[in-house]
Amino acid sequence: MRKRFQLGRAQLDARSVEFQPQKINARDVYGDIVLAQAVGDVHVHAASVTQQYHLSQKHYARREWASMLADSVNNQEADVRARLLADSGDALAADLIFRRDDLGHSQWRDDAGAAQGTLAGIADYYKSLRLHRLVVLGDAGAGKTMLGMQLLLDVLAEQAGAGIEKPLLVPVRLNLSGFDDPRITASGVSPGRVAELFSRWIVDEITAAHPLSRRKARDLVCEKWILPILDGLDEMDPEGTLPRRALAVIRALNDSAHVGRATVVVTCRASLYERLAAVTPSDVPDLRPGELPILQNATVVRLEPLAVERVQRHLIHRFGRARMPPPASPPADEMDCEPAPADPARRLVVAPRWQPVLSHLGEHPDSPFSTLLRSPLWLFVTIAAHLNQGSPAELIGLESAVIRERMLARLVPETVAQHRPPRGGWSASEVHQYLAVFAGHLAYRRAEGNGLSTGFRPHELWQLAGVRLPLLLTALVNGTLTVLLLFAALVGYHDATSYWIPPFAAGKALLVGGMLFVMWVYVYSYRSPGQLRSLDTTMLRTPSGKRRLLVSCVWPLAGLGLGYLFGLWFSQGYGDRVGQAYGISWVAIGFILAVETVLAHRPAAVRRPSLVMSQALLFQYTVLISYGLFFALAFGGANWAAYPWHPTSFVDGAFLGSCIGLAIGVGRTCGAPGTRYAIAWALLTARNVLPRRRLGPFLDWAYHAGLLRLTGIAVQFRHHALQEWLGCRR
């Protein structure tokens, strides 16, 4: 025991000696610290390089997307601008002038900017703003849309040669009348929520009108690579009502938490913007005390009427003729002639019928005719109404109301003469009649307070035939067609089995279900709001479309599961073979729903008005035929699998399936606007209210002729004055 204790003590002493403190070498410690710091710097630098690499990759990707969007926007806006100007010449010939306006509010926070600017220098004026937030005010026809369009084209032109390392700000012009989400005016909705809905709407508008996927458009919007030029703030709410929708948009643009008071350009009539500034918390309970319901940190400019000299310059630019060079030695009888007058309008040679107008502008700048010509809208209307024939000098000396009446009365015939309708088209009186129908419809909607009065959607024109009659006829047509198809299926069942009423409980339950389905078709056809849908195969090439394709795989699996349960239930009385065979046919419904999930969407913008209804009808017919075809194949295969010994088993099953499938397709599309549109068109053409040819070609012609314009899928009159004039003469 003693030896063992001494041995353990010796080992303990040896270990204590081994772990005694050693002398620290400062050089070794400093070297270790430097090495650790170097390793840390390498890791930090590597992480920074990796982060910069990913950021640069995202930047170059966004730059490519923005360039693609900028090209598309530039092409579309250049076409719209050319159609807007028509044959009136270059807009810069009558250069607009605008001046800053504080609306008389001491609480106003502006975005700096010069005291005045012009149409030609709008891009430079906008770049001089600190936060690049601009509000353009003016009366109807003052040129607000043209100013926004010129800013868009100038910004794109200046950035065309920018290096790829710089971000690209893509201006996109959007009409706010298309932002009709009912949630923005709901009670208690916050500005942040409206800002989220507004950003989604911008993404939808970009993806619908330009070749850019939803993911890319959302990324550009979130990273503030998009400059929204918001036109038509005054068109969001019905006239004479509290501008709740416009107020919701302004508050969303002022919400710093979601949009960060991003760059934006807003155009609006001065009268409505002043009404917004006068809104108080008593009018809108959600308005916070002291909150000014106008765009904050923004410069407000107001367009002024054209100067007389600019109107003269524009007319000379449009109708001027080049003077022949004078001879080297003038004749003797002209040597003592008086020199040419100093007025440049008199020195140049213009068309003789426009010379009295130029003289009148110079001598009587405040006359009613001169005052109208100083408005860009009425200058355009005057030129368009007297483009090829007629004497504008006849308007000199008349009252303002009479001048407007005569110019608008000449506008449609002159447009028809300039833009010939297709062969077998419409005369000037017919064009006048059809446009008056649309204007009267908008006036009726405004009087009833039913929607906006600035435009109509082609798939809603069935309301021209009345509110109840087209719905009743649509319900009658859909319900009767469903009854006939199901009766044909019952006849086929009787020919195959000699039974009119199925002998088993499952068959009787299906018969009762068919009756209830017919009743549902009748009711839903009458009460459905008319959902607009179209097919878009390009969705399959987008990441969101691929995700939807993956999600849509749930429908065939669900159809398989429901079909198995249906087979177990249907086999009671008909046998397992028949029950499971027909149960598998439920997969057909799953496949059709999967295709709808991937390809169906609500169109937000189209290239021409006729595409609204043509795409809706294509969707309706495609769904109807798909149900009939899929059910024919499924029931034919199921009947052949259940009765392989019968020579006509596949044909009998296919006939039964096609009838049932078409009946289900009618029920699936009974809420689509195609049927009621076709019924209303038949009623209106019988009354000679609408053109006997298809309505789509007429809308396309009026759009290309410059009488109508497109805002998303809504069709609007190019000139509000023409709409009002036609509406009064409906």
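What you see is a predicted model, and the numbers here were worked out from it, not measured in a lab.

Draft legend 1. Broad picture of the packing of helix H16 (residues 469–497) against helix H17 (residues 505–527). The contact between H16 and H17 brings their axes to 7 Å, and the two run at 160 degrees. The angle between H16 and H17 places the two elements in the roughly antiparallel class. Helix-helix and strand crossings are classified by hand; for H16 and H17 the assignment is right-handed. Across from Leu471, Leu472, Thr474, Ala475, Leu476, Asn478, Gly479, Thr480, Thr482, Val483 and Leu486 in H16, the residues of H17 making contact are Gly514, Phe517, Val518, Val521, Tyr522, Ser525 and Tyr526. Of the residues that constitute the contact of H16 with H17, the class distribution is 11 nonpolar, 7 polar and no charged.

Draft legend 2. Highlighting the sheet that holds strand S2 (residues 116–118). Strand order across the open sheet formed by 7 strands is S2-S1-S7-S3-S6-S5-S4, with mixed pairing between neighbours. The open sheet is flanked by S2 and strand S4 (170–175), the only strands paired with a single partner. Strand-to-strand, the axes of this sheet are offset by a mean angle of 20 degrees, without reference to chain direction. The pairing of strand S1 (residues 97–100) with strand S7 (residues 299–303) spans 3 bridges and is classified as antiparallel. When the bridges of S7 are listed, Phe98 appears paired with Leu303. Packing of helix H5 (residues 191–209) onto the sheet brings it into contact with S4 and strand S5 (226–231), and relative to S4 it is tilted by some 100 degrees.

Draft legend 3. Seen up close, the pattern of salt bridges. One pass over the full model with this rule turns up 17 salt bridges. Arg62 is paired through a salt bridge with Asp219; the nearest N and O atoms lie 2.5 Å apart. Of this pair, Arg62 sits in helix H2 (residues 26–85) while Asp219 sits in helix H6 (residues 214–222), and the two are 157 residues apart along the sequence. Overall, Arg62 belongs to the buried group, its relative accessible area being 14%. Here Asp101 makes a salt bridge to Arg302, at a shortest N to O gap of 2.6 Å. Here the residue Asp101 occupies a position in the loop between S1 and S2, and Arg302 occupies one in strand S7, the gap between them amounting to 201 residues. Shared partners join several salt bridges into a network, and the residues in it are Arg62, Asp219 and Glu223.

Draft legend 4. View of the sheet that holds strand S14 (residues 714–717). Taken in spatial order, the 3 strands of this open sheet run S10-S14-S13, and their pairing is antiparallel. Each of the sheet's edge strands pairs with one partner strand only, and the pair in question is strand S10 (455–456) and strand S13 (708–711). The pairing of S10 with S14 spans 2 bridges and is classified as antiparallel. Bridging across to S14, Phe456 finds its partner in Val715. Each of S10 and S13 touches helix H25 (residues 695–704); the most contacted strand, S13, lies at about 100 degrees to it.

Draft legend 5. Representation of the layout of surface pockets in the model. Reported here for the second largest pocket is a volume of approximately 1,500 Å³. Taken together, 44 residues make up the lining of the second largest pocket; nearest its centre are Tyr493, Leu510, Phe635, Leu656 and Ile660. Contributions of two or more residues to the lining of the second largest pocket are made by H16, H17, helix H19 (554–574), helix H20 (576–584), helix H21 (586–599), helix H22 (610–642) and helix H23 (649–668). Split by residue class, the lining of the second largest pocket holds 32 nonpolar, 11 polar and 1 charged.

Draft legend 6. View of the nonpolar core. Of all hydrophobic cores here, the largest spans 149 residues; its most connected members are Leu233, Leu315, Leu435, Phe438 and Phe698. The residues touching Leu315, leaving out its near neighbours within four places in the chain, are Gly320, Trp354, Val357, Leu358, Leu361, Leu379 and Ile383. Judged by nonpolar contacts, the second largest core, of 22 residues, contains Tyr493, Ala506, Ala588 and Leu656.

Draft legend 7. A look at the packing of H16 against helix H24 (residues 673–686). Relative orientation of the contacting elements H16 and H24 amounts to 120 degrees, with a least axis distance of 9 Å. Classed by the angle they form, the pair H16 and H24 counts as oblique. Viewed along their axes, H16 and H24 form a crossing whose handedness is right-handed. Contacts from Leu469, Leu471, Leu473, Thr474, Val477 and Asn478 of H16 reach H24 at Thr675, Arg676, Ile679 and Leu683.

Draft legend 8. Highlighting the environment of Gln150. Note on placement: Gln150 falls in helix H4 (residues 144–159). Residues Gln150 and Ala78 lie 72 residues apart in sequence; the distance between their C-alpha atoms is 9.5 Å.

Here is what the cut-offs are and how they apply
- Residues numbered from 1 in each chain as written.
- Predicted model: local features only at pLDDT ≥ 70, side-chain atom pairs only at ≥ 80, totals over all residues.
- Heavy atoms only, no water.
- Axes fitted to C-alpha atoms, helices over the stretch in contact; angles between N-to-C directions.
- Helix = DSSP H or I, 4+ residues; strand = E, 2+ residues; numbered from the N terminus.
- Parallel < 35°, antiparallel > 145°, perpendicular 65-115°, else oblique.
- Left-handed = near helix turned anticlockwise from the far one by under 90°.
- Contact = heavy atoms within 4.5 Å.
- Nonpolar A, V, L, I, M, F, W, Y, C, P; charged D, E, K, R; others polar.
- Pairing = 2+ DSSP bridges.
- Salt bridge = Lys/Arg side-chain N within 4 Å of Asp/Glu carboxyl O.
- Buried < 20%, exposed > 50% of the residue type's maximum accessible area, 1.4 Å probe, protein only.
- 1 Å grid on protein atoms, 1.4 Å probe; cavity = no way out; pocket = protein on both sides within 12 Å on 5 of 7 lines; lining within 4 Å.
- Points joined across faces, edges and corners; volume = space filled by probe spheres on them.
- Core = buried A, V, L, I, M, F, W, Y, C linked by side-chain atoms within 4.5 Å.

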